[in-house]
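# Summary of structural features
Residues per chain are reported as follows:
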Amino acid sequence: MMAMSDSVELKSGAPSPNPRPGAGLPFHDRINMISTQEPWLWLAAGWYDVRRAPLFSLGYGGLFVASGYAVTFGLYQLDLAYMIWPMMAGFLLVAPVFCTAFYEISRRLEDGDEIAFVPLARAWAKNAKSVLGAGLALVFFMILWIRVAALIYAINFPYSGLS
């Protein structure tokens, strides 16, 4: 039986018949409810930051694009073309750690601070333990993902070889 505090209150003060999602789970009081429109607001804020700091935003983004092309070219040259798609998907696992400079651009624009390359490159150092810990965990999951992808390829295409 759910406690009365686990229900959403209506404007009238009466509890709603529909409790909050996950009301019986631990830490449910820390979950923020968002609308489906909020991601559009986040994207608009990101574009606003790109317009305010185009050199750093597009330059850092260009670095990611160049890295992607280099990895793709390298895998193709090593005759590992079957790993291109898993590596692209695996990038989504490690991207949050790589995006610390984008977060720093937004923070500096919001605070009115000057944007320069060196502070962006050192953005991860402000919370080094957390960033490195998250990075190591995400890299572990990416390596696991790449190995599973190679195994799936080997099972589904047994006579094409992996090299």
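Before reading further, recall that the structure is shown in the block above.
Residues numbered from 1 in each chain as written. Predicted model: local features only at pLDDT ≥ 70, side-chain atom pairs only at ≥ 80, totals over all residues. Heavy atoms only, no water.

## What about the overall build of the protein?
- Looking only at helices and strands, the protein features 6 helices and 2 strands.
- Listing the helices and strands of the protein from first to last along the sequence gives β-β-α-α-α-α-α-α.
- Relative to its 163 residues, the protein shows a buried fraction of 19%.
- For the protein, long-range pairs separated by at least 24 residues make up 47% of all intrachain contacts whose partners lie at least 6 apart in sequence.
- If you sum the accessible surface of the protein, you get close to 12400 Å²; carbon and sulfur atoms cover 69% of it. (Helix = DSSP H or I, 4+ residues; strand = E, 2+ residues; numbered from the N terminus. Buried < 20%, exposed > 50% of the residue type's maximum accessible area, 1.4 Å probe, protein only. Contact = heavy atoms within 4.5 Å. Areas by Shrake-Rupley, 256 points an atom, 1.4 Å probe, with all protein chains shown as cover.)

## Describing the nonpolar core
- Core analysis: the largest hydrophobic core is formed by 8 residues, namely Leu-75, Tyr-82, Met-83, Ile-84, Val-94, Met-142, Ile-146 and Ala-150.
- Among the elements of the structure, helix H3 (84–98) and helix H6 (128–156) are those that each provide at least two residues to this core.
- When residues in this core are grouped by element, the largest group, 3 residues, is from H6.
- Those residues in contact with Ile-146, other than ones at most four positions away along the chain, are Met-83, Pro-86 and Met-87.
- Ranked by size, the runner-up nonpolar core spans 6 residues in total, among them Ile-105, Leu-109, Ile-115 and Leu-120. (Core = buried A, V, L, I, M, F, W, Y, C linked by side-chain atoms within 4.5 Å.)

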